[in-house]
Structure formats: C-alpha cells, structure tokens
Amino acid sequence: MTLEADVSDLWDRYQDGLTAADATAEDAAVVDEFLAALEAGEVRAAEKTGDDVTTWEANEWVKRGILLNFGLRETEAREYGGVTYHDVLPLRDTADLGERGTRNTPDGTAIRRGAYLGSDCIMMSPSFVNMGAYVGDGTLVDSCDTVGSCAQLGENVKLGANTLIGGVLEPVEDAPVIVEDGVSLGAGCRVTSGFRVGENSIVGENTLLTPRIPVYDLVEEEVIYGHLPAERRAFTRMVESSVGDHDLFEGGAYKPAVVATHVEEETLEATQREDALRE
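Throughout, a residue's number is its position along its own chain's written sequence, starting from 1. Only residues with pLDDT of at least 70 get local features here, since the model is predicted, and only at 80 or more are side-chain atom pairs given and counted; chain-wide, interface and lining totals rely on the full set of residues. Water and hydrogen atoms play no part in the side-chain values, which are based on all heavy atoms of the structure.

You'll find the chain entered in an unreviewed UniProt entry as 2,3,4,5-tetrahydropyridine-2-carboxylate N-succinyltransferase, with Halorubrum lacusprofundi given as the organism. UniProt positions are given in the numbering used here, feature names are shortened, and annotations may be inferred rather than shown by experiment. UniProt's Sequence similarities (unreviewed entry) comment on the chain is quoted here verbatim: "Belongs to the transferase hexapeptide repeat family."

Written as structure tokens, this is what we have:
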C-alpha cells in the first residue's frame, strides 16, 4: 500500500473510534513515516494545479495525516534547551539543515516535527515553524515570525520581523495560507485564513491580508477577496464603512482595505538589500 492509502485507512479507523490508547505499533509506524515524508518535502498540505495563485488546492489526505498525529499520540513531558514542556510531538531534528546550507540561529528558533525547510533558508530567533508548514529554498524567516500549520511558503520569500503566517488545519478541504515565490512581506504583516499571495509581490509593513478584507487591485481595476495577484505592491488604506451613517459615529466610520498597484523598480531594489546575508 502507498503512504496515502495507509493514512486514509488509519483515518477511517480513527473516525470509527480508534484512540491513542488503542493504536498499535503498526499505526505508530504509519504516522512516523508520514512525518518523515513531510519533513523531506515529499508530501505537502496543498498543491498548485494551474498557473494562477487562485488554483492552489488542499491535499485532504495530508491534512488528515497531520490530524492523526494529534489524535493518536499521547501528550508527554519533553525536554528542549533544559526546559520541560508537554506536547504530543517533539521538536524537529535539525541535523539535516546544515548540510543544505540552512541556518537556524540559537536561543529561540523552534521547528515542530512535520515541518519542511528547504536549502539556504535562514531562521532568525525567536521564530517558529509549525507542523505541516513548507518553507521553500532561500526563504528568510525573521525574528518574532510565526509560520502556521500547513502554510506554504515558496522560494526566496522574505518575511519581515514580527510577521504572522496563519495556519489552516481544519476543515481539511480548505487550502492553507499560500505565499508564492519571490514575495516580500514587510515587518508586522499578518496573512491569515487561507489568503494567497501571488509571486513576486511586495507587501508593505503592518498590512493585514485576510479573505474578509477587500483588495482594491488598481492594475486590473477590480475589487477581489482572498488573494493578491502576482507582481503587486500592496499596502493598507482606510475606506468608508457602511456603518458611517450611524448616529454614534460623528464624522463617519472607516474600515481597513488593501490597495494593490504595479511593483515599482525602486521598491523591488529595496527588497533586495538583504542579499548580503547570503554572501
């Protein structure tokens, strides 16, 4: 049987009432093999099925495999850096990172089991990459950044300090947050709830990208939700809210929106100044 078939069979048994206490050594071997496949980048929580950023789709069986690692494992006391913590999983073994040129600085870079980091990545402390996340080659995860469960980051992505990439684990049919190749997110950005950022886009500091906030795409002159097209420069602006006519709001009320324009050459050059970190 394939790994997908093994995970699907185990999921059916879990749905029928299988518990961590009832799981056999063979069951444990399946979830362990699954974690190893995630960490090797052999399986991913989502895949791109077309040319556009909107064509990403969840791999439901992979997300089920991740859920099985929570449902069929007991919480245990574990040690990290001389501190005891309690979790169903240990942190990821990082022995393979150095041989691929990937760096994780000491005192606060935490990589949970089932996370993939490509070659020539940089993880600055403190930062955290959760189970099922995929971090592509050459990507920078800066200080105080979080990469949530199942989030998919492409190659040569730059996350500014204090950036949150949200996780989407359930429902299993929903695609997670997607940040495609070459994207640069300014410090303090938040990308949540399965939002998708198209390749080579540049997002200004403290911008919130979520499906509930409209994106005013000035390139195509349309309002879109849930994604930012490729090669856009995006930033937050305030627009009038429909509740502005309420008597309690003197002077009107406003809500956040995202404005997207063409990427300017000067903006592109500014995002490339960190290349010296890799020389």
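Now, onward.
Q: Pulling in residues and values, what's your account of the overall build of the chain?
A: Counting from the N terminus, the helices are the DSSP runs of H or I reaching at least four residues and the strands are the DSSP runs of E reaching at least two. Along the backbone of the chain there are 4 helices and 26 strands. For the chain, the proportion of its 279 residues judged to be buried stands at 48%. Pairs at least 24 residues apart make up 42% of the contacts formed inside the chain by residues separated by at least 6 positions. Categorising residues by exposure relies on relative accessible area from a 1.4 Å probe, with only protein chains included: less than 20% of the type maximum marks a residue as buried, more than 50% marks it as exposed, and the intermediate range marks it as partly exposed. Residue contacts are counted whenever heavy atoms from the two residues lie within 4.5 Å of one another.

Q: Let's hear about the nonpolar core: which residues, and what values?
A: Think of a nonpolar core as a cluster: buried Ala, Val, Leu, Ile, Met, Phe, Trp, Tyr and Cys residues, connected wherever their side-chain atoms sit within 4.5 Å. Counting residues in each nonpolar core, the largest one holds 33 residues, and the members touching the most others are V129 and I165. Sequence-distant contacts of I165, that is, excluding residues within four places in its chain, are made with T146, V147, G148, A151, L153, L159, V177, V179, L185 and V191. Within the second largest apolar cluster, 25 residues are counted, among which are L18, A37, V62 and V88.

Q: Before we move on, could you go through the packing of helix α2 (residues 25-39) against helix α3 (residues 60-71) and cite the residues and values that matter?
A: Axes here refer to lines fitted to C-alpha atoms; in helices the fit is confined to the stretch in contact. Angles between the N-to-C directions go from 0 to 180 degrees. For the pair α2 and α3, the least separation of the axes is 10 Å and the interaxial angle reads 125 degrees. For the element pair α2 / α3, the angle class is oblique. α2 and α3 meet at a crossing whose hand is left-handed. Mapping the contact onto sequence places V31, F34, L35 and L38 in α2 and W61, V62, G65, I66, L68 and N69 in α3. The labels follow the angle: roughly parallel below 35 degrees, roughly antiparallel above 145, roughly perpendicular from 65 to 115, and oblique for the rest. Put simply, a crossing is left-handed when the front helix is turned counterclockwise from the back one by less than a right angle, and right-handed when it is turned clockwise.

Q: Summarise the UniProt feature "domain: Tetrahydrodipicolinate-N-succinyltransferase chain A" (unreviewed entry) in the chain; cite the residues concerned and give the values.
A: In the UniProt entry, the feature "domain: Tetrahydrodipicolinate-N-succinyltransferase chain A" (unreviewed entry) is given for residues 3-72. Secondary structure across residues 3-72 divides into 57% helix and 9% strand, with the first and last C-alpha atoms of the span separated by 17 Å.

Q: Which residues make up the environment of I213, and what are the values?
A: On the secondary structure map, I213 appears in the loop between β21 (208-209) and β22 (215-217). By relative accessible area, which is 11% here, I213 ends up buried. Residues I213 and V258 lie 45 residues apart in sequence; the distance between their C-alpha atoms is 7.2 Å. When neighbours within four sequence positions are excluded, I213 is seen to be in contact with L208, Y225, P256, A257 and V258.

Q: Which residues make up the sheet that holds strand β12 (residues 145-147), and what values go with them?
A: By this definition, two strands are paired if DSSP reports at least two bridges between them. Pairing is parallel across the open sheet formed by 6 strands, whose spatial order is β6-β9-β12-β15-β18-β21. Across the chains shown, the open sheet's two edge strands, defined by having one partner strand only, are β6 (109-111) and β21. The sheet contact formed by strand β18 (residues 190-191) and β21 spans 2 bridges and is parallel. In the strand pairing of β21, V191 is matched with L209.

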